[in-house]
Amino acid sequence: MSGFLIQDADVMRRAGLLPDDLPAFPNGFFRGFEFWFYDQPSDFYRRCLMLHEGTHAFMTHHLGGAGPPWYFEGMAERIAVHRWDGETLELDARLKDRDEAPLWGRVRLVQDAYAEGRGYLPESLFGMDNQEFLKNESYGWAWALCEFCGRHPKLTDSFATLAERLTDRSPDFALPMIEANRDGWNDIREDWQLFVGEIDYGYDIERASVVRRPTDTLSGSKEVEVAADRGWQSSGLILPAGSYEFSASGEYLMRTGDEEWPSGPDGISIDWYRGERVGRMMLAIRGGEDLASVYTPLLQPQPLGTGV
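Report follows, based on the coordinates. (Residues numbered from 1 in each chain as written. Predicted model: local features only at pLDDT ≥ 70, side-chain atom pairs only at ≥ 80, totals over all residues. Heavy atoms only, no water.)

### Thoughts on the overall build of the protein
Point 1. The secondary structure content of the protein amounts to ten helices and 13 strands.
Point 2. For the protein, the spread of C-alpha atoms along the three principal axes comes to 80 × 45 × 35 Å.
Point 3. In the protein, which comprises 308 residues, the share counted as buried stands at 38%.
Point 4. For the protein, the accessible area works out to roughly 17,200 Å², and carbon and sulfur atoms hold 49% of it. (Helix = DSSP H or I, 4+ residues; strand = E, 2+ residues; numbered from the N terminus. Buried < 20%, exposed > 50% of the residue type's maximum accessible area, 1.4 Å probe, protein only. Areas by Shrake-Rupley, 256 points an atom, 1.4 Å probe, with all protein chains shown as cover.)

This is how it looks when you write it as structure tokens:
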């Protein structure tokens, strides 16, 4: 492969290094055995663009295809997220802090879109066409979708098998993954909504996936144990209409760096998240909503603390 870093497009064009027949592109473009990408003020993002276009080339020439646009771009984005210490390169890295990725901005693109009411279900993203990728926001969504499908415990295996279908560029490309999880696809939609609604650096998709338990109708009182190191966990209880009291007790340690902070259901006041103490127990009651058209109630919980 030959890669061309663009600092001044006019100079490169006059030198014959930037062909006139290339389409307009915002960041980088790959064709045949050459790729072009614009210089960036961030070393990390410059490397990302190079790795992104290199991934396109690898998939095309060594895997025989690249799938539909969301997969083609999303996998290139995912592989290009990296760590480099001057000697060792780690691809497909999990970033814990935005300071690791100056100017990359994919997390922010999804955060901003969601805040403006532009959240998308996976099914909508499966149908994205090439024109969508003239906008930076689409790279954020494509990365988020591949990151989610590649790390979610229920999707990892079926997502990996899509690499056998890279000559299929149609919206049907993801059907085998959907069919393999047909009985639980509404649960997948819920976990996706939570990922998009809570997305940030350090988001742990595996631990944040909802723990769902077999259900039974509540009669009398019931005690349910929850793990402090997991995300949402179902009580397994169906609540008949009526009034209820909820209480919580227990202790756990919150760790930040080398420091540990003992906490309980009320959380700790050393830090706050969305108006609540970090570590505070939250409560949400949900029914059998079809999450193809509504938001999960888990995105709008109420504080429980030691009791309500």
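Having seen the structure, we can now continue with the description.
### So, the nonpolar core
Point 1. Counting 52 residues, the largest nonpolar core has W70, Y71, W104, F159, M177 and W192 as its most contacted members.
Point 2. Sorting the residues of this core by element identifies β3 (34-38), α2 (43-62), α3 (69-80), α4 (106-115), α5 (122-126), α6 (136-151), α8 (175-180) and α9 (185-198) as the ones contributing at least two each.
Point 3. Counting residues per element, this core draws most heavily on α6, at nine residues.
Point 4. Formed by seven residues, the second largest nonpolar core is a distinct cluster that contains I6, M12, L18 and F25. (Core = buried A, V, L, I, M, F, W, Y, C linked by side-chain atoms within 4.5 Å.)

### Topic: the packing of α2 against α3
Point 1. Remark: α2 packs on α3, axes separated minimally by 8 Å, with the N-to-C direction vectors making an angle of 130°. The angle between the axes of α2 and α3 places the two elements in the oblique class. For the element pair α2 and α3, the recorded crossing hand is right-handed. Where α2 abuts α3, its residues C48, L51, H52, T55, H56, M59 and T60 lie against Y71, F72, E73, M75, A76, E77, I79 and A80. (Axes fitted to C-alpha atoms, helices over the stretch in contact; angles between N-to-C directions. Parallel < 35°, antiparallel > 145°, perpendicular 65-115°, else oblique. Left-handed = near helix turned anticlockwise from the far one by under 90°. Contact = heavy atoms within 4.5 Å.)

### A look at the pattern of salt bridges
Between side chains of opposite charge, a pair can form when the charged atoms approach closely.
Point 1. Enumeration according to the criterion identifies 27 salt bridges in this entry.
Point 2. Between R46 and D39 there is a salt bridge, with its nearest N and O atoms 2.6 Å apart.
Point 3. We classify R46 as partly exposed; its relative accessible area is 22%.
Point 4. With a shortest N-O distance of 2.9 Å, D112 and R108 are connected by a salt bridge. Taken as a pair, D112 and R108 lie in helix α4 at a separation of four residues, close to a single helical turn.
Point 5. R108 gets classed as partly exposed once you look at its relative accessible area, which sits at 48%.
Point 6. Taken together, the shared-partner salt bridges in this structure form one network comprising D187, E190, D191, R212 and R286. (Salt bridge = Lys/Arg side-chain N within 4 Å of Asp/Glu carboxyl O.)

### Focus on α2
Point 1. When the terminal C-alpha atoms of α2 are compared, their 28 Å separation across 20 residues agrees well with the 28 Å that a helix rising 1.5 Å per residue should span.
Point 2. Along α2, the positions that sit buried rather than exposed are F44, Y45, C48, L49, L51, H52, E53, T55, H56, A57 and M59.
Point 3. Next to the buried residues of α2 lie β2 (28-31), β3, α3, β5 (89-90), α4 and α6.
Point 4. Of the residues flanking the start of α2, the one acting as N-cap is S42, its side-chain oxygen 3.3 Å from the backbone nitrogen of F44.
Point 5. Phi turns positive, to about 85°, at G64, one or two residues after α2. (Expected span 1.5 Å × (residues − 1). Polar contact = N/O pair within 3.5 Å; in protein donor to acceptor, adjacent residues only side chain to side chain.)

### Topic: the packing of aromatic side chains
To describe a pair of aromatic rings, you give the distance between the ring centres and the angle between the ring planes.
Point 1. Applying the stated rule across the entire model yields 19 aromatic pairs.
Point 2. With 5.0 Å between their ring centres and 45° between their planes, W70 and F126 make a pair best called tilted. You can see W70 sitting in helix α3 and its partner F126 sitting in helix α5, a full 56 residues away along the chain. Each member of the pair, W70 as well as F126, is classed as buried.
Point 3. A centroid spacing of 6.0 Å and a plane angle of 70° characterise the contact between W70 and F173, whose relative ring orientation is edge-to-face. In this pair, W70 sits in helix α3 while F173 sits in the loop between α7 (156-160) and α8, placing the two residues 103 residues apart along the sequence. (Phe/Tyr/Trp six-rings, centres within 6.5 Å; stacked < 30°, edge-to-face > 60°.)

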